[in-house]
Amino acid sequence: MSVPRGWRRAPALIAALAALLTVSACGSGGAAGGGSGGGDKTIRIAYQSFPSGDLIVKEKGWLEKELPGYTVKWTKFDSGASINTAFVAKSVDLAAIGSSPVARGLSAPLHIPYQVTWVLDVAGDNEALVAREGSGISGVRDLAGHKVATPFSSTSHYSLLAALDRAGVAPGEVQLLDLEPQDILAAWTRGDIDAAYVWLPTLDELKKSGKTLVTSRELAAAGKPTLDLGVASTSFVTAHPDAVTAWRKVQARALDLIHDDPDAASAAVGKQLGISPKEAAAQLGQGIFLTPADQASATWLGEPGKVGGLAENLHSAAEFLVGQKQIDAAPDLETLEKSVYVEGLSDAVQH
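Parameters and conventions
Residues numbered from 1 in each chain as written. Predicted model: local features only at pLDDT ≥ 70, side-chain atom pairs only at ≥ 80, totals over all residues. Heavy atoms only, no water. Helix = DSSP H or I, 4+ residues; strand = E, 2+ residues; numbered from the N terminus. Buried < 20%, exposed > 50% of the residue type's maximum accessible area, 1.4 Å probe, protein only. Areas by Shrake-Rupley, 256 points an atom, 1.4 Å probe, with all protein chains shown as cover. 1 Å grid on protein atoms, 1.4 Å probe; cavity = no way out; pocket = protein on both sides within 12 Å on 5 of 7 lines; lining within 4 Å. Points joined across faces, edges and corners; volume = space filled by probe spheres on them. Nonpolar A, V, L, I, M, F, W, Y, C, P; charged D, E, K, R; others polar. Pairing = 2+ DSSP bridges. Axes fitted to C-alpha atoms, helices over the stretch in contact; angles between N-to-C directions. Contact = heavy atoms within 4.5 Å. Salt bridge = Lys/Arg side-chain N within 4 Å of Asp/Glu carboxyl O.

Participant: Describe the overall build of the protein chain, with residues and values.
Facilitator: Counting secondary structure elements, the protein chain contains 17 helices and 12 strands. Looking at the protein chain as a whole, 54% of its 351 residues qualify as buried. Carbon and sulfur atoms make up 52% of the accessible area of the protein chain, which totals about 13,800 Å².

Structural data, given as structure tokens:
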């Protein structure tokens, strides 16, 4: 998800933005607090309001209990694009962010020094493209000439481009609008947009007066999967590997809760989202959640000396973004493999 976030920019402009953000407040949605140097015991976490184990960890206060010597600060963000901006500004240490903005963040001109530490979920029916009832849109091909909103640089943006590509519709044929989830809902309510690709919980609101055209689950089956990932700045990983291990342990505990005690998981997520446990259960049921052991498998993060398929997923996403003229060039696979942090992962997911 002025010049829209996520579109191609001149390197000089990016450098200027980075310098400005480094010496100033991050702005709306930015994390507060000090840096992540070795002597700093503050962990600044960027979270998003999509149903996942991350919200369970926050609601239960598990990380705070696991790391009593640290001060944990949680800051809500609305999209991966704003989280990338916060990493550029060095104002966040850990984050929940989609695989598409991660692929973009690791690519030129951003080259954000962060590493993937966890897979929060694989997008399923929890992200989808919905058309307004009465818009005359019955399929993706009908989007030409219509206003379609999505948060640019997000997994939904990536999936929307993939859906258009699959349907043979050029992005230029559609009036693409860069809107954050809450702005999408407002624009939908006003009748300003005809369709939107977005995630839960906003997605559920749109479905009340819209028709689902395609879901991220369908696109994943067609070879364009998207994920929600946990990432940590490289400087934080270097300075606080113990904190990264603790974060993984509580995330693993949250995945276990989702699988083994869905009622408790739904109650925790519901409190964070301000919805009933029943509604939260329905939303959790639309995502695809790995088991803790899956994290260290060859399909996902892998193990020391043998990074898993996640690096290839990021490489494919970056190459697709190049083809869609969203970024200039994709990092090579070796670079992306170095951006997957596997040290200590096996220990963190063992029971």
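Participant: Can you explain empty space enclosed by the protein? Please cite residues and give values.
Facilitator: Put simply, the largest cavity is a space of about 60 Å³. Taken together, Gln 48, Phe 50, Ser 79, Gly 80, Gly 98, Pro 101, Glu 127, Ser 154, Thr 155, Trp 199 and Asp 228 form the lining of the largest cavity. In terms of residue class, the lining of the largest cavity is built from three nonpolar, six polar and two charged. Considering only enclosed or pocket space, the second largest cavity measures out at about 30 Å³ in volume. As for the second largest cavity, its lining consists of Phe 50, Asn 126, Glu 127, Trp 199, Leu 200 and Asp 228.

Participant: I'd like a rundown of the sheet that holds strand 9 (residues 210-215), residues and numbers included.
Facilitator: Pairing is mixed across the open sheet formed by five strands, whose spatial order is 7-6-8-5-9. Both outer strands of the open sheet, strand 7 (175-178) and strand 9, are each paired with one neighbouring strand and no more. The average angle at which neighbouring strand axes cross in this sheet is 25°, direction not considered. Strand contacts of helix 6 (residues 155-167): strand 5 (127-132), strand 6 (147-150), strand 7, strand 8 (195-199) and strand 9, with the helix running at about 135° to strand 8, the strand carrying the most contacts. Strands in contact with helix 7 (residues 181-190) are strand 5, strand 6, strand 8 and strand 9; relative to strand 8, the strand with the most contacts, it is inclined by about 150°.

Participant: Give me the pattern of salt bridges: which residues, what numbers.
Facilitator: Summed over all chains, the structure comprises five salt bridges. For Arg 190, the salt bridge is made with Asp 192, and the minimal N-O distance between the two is 2.6 Å. Accessibility expressed as a relative area gives 36% for Asp 192, which makes it partly exposed.

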